[in-house]
Structures are given as C-alpha cells and as structure tokens.
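# Per-entry structural report
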Amino acid sequence: MNMEELLYRYNPWWSGEFRAPGILRERYLSLLWEMKELPDVVLITGLRRVGKTTILYQLISRLLQGVEPRRVFYISLDNMALRDYTILDVVEEYRKVQKIKHREFVYLFLDEVHFKEDYDLQLKNLYDMGNVKVYASGSGSLEILMRSPYLTGRQRVVRVNPLDFREFVMFRMGEIGPEDAHLYPKLAEEYVKMGGMPEYVKTGDVNYLQSLLDSIVYRDIAGRYGIRSFENLMDILALVARSVGTPLSYRKISRVLGIHKDEVRKILHLFQLTSLLHVVERHGKVSERLVSPRKFYLGDTGFFAVLTDRVNLGAQVENAVYLKLRERGPVRYYYEAGGEVDFMVAETAYESKYRDDIDEKDLNRIRRLRGRKVVITREREGGGDVEFLPLWRFLLDGG
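Residues numbered from 1 in each chain as written. Predicted model: local features only at pLDDT ≥ 70, side-chain atom pairs only at ≥ 80, totals over all residues. Heavy atoms only, no water.

### Here we look at the packing of helix α11 (residues 250–257) against helix α12 (residues 261–273)
Relative orientation of the contacting elements α11 and α12 amounts to 115°, with a least axis distance of 8 Å. As judged from the angle between their axes, α11 and α12 are roughly perpendicular. In the crossing of α11 with α12, the sense of the turn from one axis to the other is right-handed. For the pair formed by α11 and α12, the contact residues are Tyr250, Arg251, Ile253 and Ser254 on the first element and Lys261, Val264, Arg265 and Leu268 on the second. Taken together, the residues that form the contact of α11 with α12 break down as four nonpolar, one polar and three charged. (Axes fitted to C-alpha atoms, helices over the stretch in contact; angles between N-to-C directions. Helix = DSSP H or I, 4+ residues; strand = E, 2+ residues; numbered from the N terminus. Parallel < 35°, antiparallel > 145°, perpendicular 65-115°, else oblique. Left-handed = near helix turned anticlockwise from the far one by under 90°. Contact = heavy atoms within 4.5 Å. Nonpolar A, V, L, I, M, F, W, Y, C, P; charged D, E, K, R; others polar.)

Laid out in structure tokens, this is it:
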C-alpha cells in the first residue's frame, strides 16, 4: 500500500460522506470544540480504549460541517507502515497528497502520538511553523509532555475518563425521563460493577477486559519502560485491587509481595502515568502527606472483575465515588486517632457507605469535621448536620 492510499483510508471524508461513530460524549466534544480557535496544541490523554479515538472522530464530524474536508487530517501513528516516518514527514506527505500549501491552515488529528520518538519536539515544530491546529492523543504516558520544556506554554491537556454514570446510562438505555427515575438505583449498582470502558459496557465480555488490561500492563508499561517482571506488575496491581480504600505504604506492599521497595514505588508511579491507578494522600500538611500511607483506586471499577476473585461491592462503590469526586479537584482522605473519613474535597467530607442503616459510630467520625458532611448511601437521603445522598443521585448530579 502506498502512502496516498494509506492516508485516504484514514480520512474517508476526503472522498465521501462521513458519519461519526458511537454515542456523542458531549462534555469532551464541547471542551475540544471551544479550543479550536486557540493556537495551543491540545493533548488528549487517558486509559487505552477509553474512547479517545471515537471522540476525535466525533470532533472531526462536527468540524466538517463548516471546514473543507481536505483541510482535516487524521492519522494513527502506531501503524507499522509509518514506522520509518516522523510526524513531520507524515504531515508533509498529507500536504503533498492534498496539494495544500504551507501557508494554508489545516486541522491535524494525530492519534497514538507517543509512538513516535521526540514527539514533543515535533509537536513544538508544528506549533512554531503555524497554520495548523493540532489535536494529539495517546495513552496516559502522554502526561510526561506536561513536564516537557518543548511544549511549556504551548499545550492544553484534556483527560478522557471512562464513561461517567450519565454516559453509561446513555450507552445502556438511551435517555431516561423523570417518570423513569426509579430505574437509577439498579443502574447505579450495575455501573459500579461494570465500570465505564465503552466496549465492555456494550458487550459485557470479560475476556475483552482481560485483554485490555494485559495490553496496558504489558505494552504501555512493561514494554515501554523496560520492566522485566510482568509477574511483579500484576501482583502489585492485584494487591492494590484487593486493598482499595485501605491506606498502603510502599514498605507494606514490598513486605507482602517480596518485591524491593524501590521497585514497588517505580511500578506504582507507572500505573499512575497510564491512568490505571490513582493515588489519594492523607489530608493535612505536606510533611504529613509525604510520610503517611496512601490509598489507591483503580482507573475503572470494571477492572475489579479481572484482578480479584474477592470482589467487595463496598470497595467498588468507594472507588466509583472517588472517580466522581476527582473531577472536582484534589481529593484527600482524612485520618486522626479518632478514625478515618474516606474523602475530603476542599471543605467537604465524604463517607462512602453503600447501605441505609448508618450507625452512630460512622456518623461521629464525620461529625467531628468542619464544613459540609455527606454520606453516600444505597437509597437513604435527607438528614441534618450530616447529609445522606443515594449513590445514584451522587453519580448523576455530583451531590
């Protein structure tokens, strides 16, 4: 296949009509659309198979309503046929195929950009040459670009998360009107168990989820960062999955698994770079946060199904609550001698209790804190100094 044929295959709108795939994820589309007039390179990150490519195609479809098709270019840079081409080479070939001068403005959608060496420098070169709007996407490892001097002040980062509850409902049932709100509690529990990876939500095929996890761990982490022991990676990930919601120190993980503490620290950091894990530090002074054990949460609750055979619904719910809360900013957990409270976001405390019979001991811990206090329940709502909020309502509206 020659280069021209390859580029046409990736850009079907050059030769005919194009319809975007999937259900529209409007919260990301709107954000990316607003950025189209800015000169900055837009970096789109997130877990592998979280839906980044689909969102790019949906944005392209929207652009095509007012932009000449030949001025919109998409390419997936993990294609083996492009192995010997730089990003700049590929863009030059595109301009050549479409007979576009360098002074003419174009939109570039560069998928899996992290497969190219020096991709941050090449994106800077495209930015500096002008007459382009660049949207570049890749796995969570693309986060390192935020620390690259080449793109400082030249990039905007958009993190695509797994489906939230509202998007999950759209995938499963379409719009639900107020008259059918009784369906939400059951759907919320289903969401917590399945998670939000789009293909798994559609098919329910646990083999797909296992294959996806293997790909992230082996390809994005072990292969890219030279981790020799695949077994160490999976053992640490499985231990974290069994311990979600429980503060863990690097030393404890090292002792339980017999893996050197420095290796544990490195592996957990790589899991965070790929968005497979998120870390929550203790609320308090910087010195307290640095020495205290951390809590870890999976990037998607669906992964519980393939990481542990002892799935705890309460832990899954707490994980889902965390993923919702992190959209608001930094999340910490609170701990003092009197006990622990699951999460602190700004001045609001959250306790995840997926039941309706909340005892006074649980309430006393959260009551000692200042500010707003919220307990996430199964269906109970109301309350006084402590608010009770059903899980489905929290996931839908954010509480």
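Now, onward.
### As for the pairing of strand β2 (residues 72–76)
Of all five residues that make up β2, five are buried, and the element is covered over most of its length. A two-sided burial pattern is seen for β2, the buried positions comprising Val72, Tyr74 and Ser76 on one face and Phe73 and Ile75 on the other. The handedness of the β2 to strand β3 (residues 106–111) crossover, carried by helix α4 (residues 87–97), is right-handed. (Buried < 20%, exposed > 50% of the residue type's maximum accessible area, 1.4 Å probe, protein only. Right-handed = clockwise from strand over helix to strand, strands pointing away.)

### Some remarks on the pairing of strand β10 (residues 348–352)
By the criterion of burial, β10 is predominantly enclosed, with five of the five residues buried. Two elements, strand β9 (residues 339–345) and β10, share three bridges in a ladder whose sense is antiparallel. When the sheet's bridge partners are listed, Phe343 is paired in β10 with Tyr350. Linking β9 to β10, which pair antiparallel, is a turn of two residues; within it Ala346 sits at a positive phi near 55°. As defined by bridge partners, β10 adjoins strand β11 (residues 372–377) across five bridges and the pair is classed as parallel. Opposite Ser352, over in β11, you have Ile376 as the bridge partner. Crossover handedness for the path β10 to helix α16 (residues 360–367) to β11: right-handed. (Pairing = 2+ DSSP bridges.)

### Topic: the packing of aromatic side chains
Scanning all chains against the criterion turns up 20 aromatic pairs. Judged by centre distance (6.1 Å) and plane angle (35°), the rings of Tyr322 and Phe343 are tilted. Remark: Phe343 occurs in strand β9 and Tyr322 occurs in helix α15 (residues 313–325); sequence separation between them is 21 residues. Across the pair, Phe343 and Tyr322 agree in class, each one buried. Joined through ring pairs, the aromatic side chains of Tyr10, Trp13, Phe18, Tyr57 and Tyr74 make up one cluster. Above the face of the Phe343 ring, Lys295 is positioned so that its terminal group lies 5.4 Å from the ring centre. Across the ring face of Phe388, the terminal group of Arg380 is positioned such that the distance to the ring centre comes to 3.8 Å. (Phe/Tyr/Trp six-rings, centres within 6.5 Å; stacked < 30°, edge-to-face > 60°. Lys NZ or Arg CZ within 6 Å of the ring centre and 35° of its normal.)

### Examining the layout of surface pockets
In this structure, the largest pocket encloses a volume near 1,000 Å³. Around the largest pocket, the lining is made up of 43 residues, and of these Arg159, Ser275, His278, Tyr322 and Arg326 lie nearest the centre. For the lining of the largest pocket, the secondary structure elements donating two or more residues are β5 (155–159), α12, β6 (277–282) and α15. Of the residues contributing to the lining of the largest pocket, the split by class is 19 nonpolar, 12 polar and 12 charged. Here the lining of the second largest pocket is built from residues that sort into six nonpolar, five polar and 10 charged. (1 Å grid on protein atoms, 1.4 Å probe; cavity = no way out; pocket = protein on both sides within 12 Å on 5 of 7 lines; lining within 4 Å. Points joined across faces, edges and corners; volume = space filled by probe spheres on them.)

### What to know about the packing of helix α10 (residues 230–242) against α11
Relative orientation of the contacting elements α10 and α11 amounts to 115°, with a least axis distance of 11 Å. Relative to α11, α10 is oriented so that their crossing is right-handed. Between α10, through Asp235, Ile236 and Leu239, and α11, the contact on the second element is made entirely by Ile253, Val256 and Leu257. The residue makeup of the contact of α10 with α11, split by class, is five nonpolar, no polar and one charged.

### Remarks on the sheet that holds strand β12 (residues 382–383)
On the basis of which strands lie adjacent, the open sheet formed by eight strands has the order β7-β6-β8-β9-β10-β11-β13-β12 and mixed pairing. Looking at the sheet topology across the chains shown, the edges are occupied by β7 (295–298) and β12. Its contacts with the sheet put α12 on β6 and β7, and the angle it makes with β6 is roughly 115°. In the packing of α16 onto the sheet, contacts are made with β9, β10, β11 and β13 (387–390), and the angle to β11 comes to roughly 150°.

### Examining helix α7 (residues 184–194)
The element α7 is extensively covered by neighbouring structure, given that eight of its 11 residues are classed as buried. Three or more residues of α7 are buried, namely Tyr184, Pro185, Leu187, Ala188, Glu189, Tyr191, Val192 and Met194. Among the structural elements, α6 (165–173), α8 (198–203), α15 and α17 (391–397) are those in contact with the buried residues of α7.

Fair warning: the whole summary comes from geometry, so function is off the table for now.
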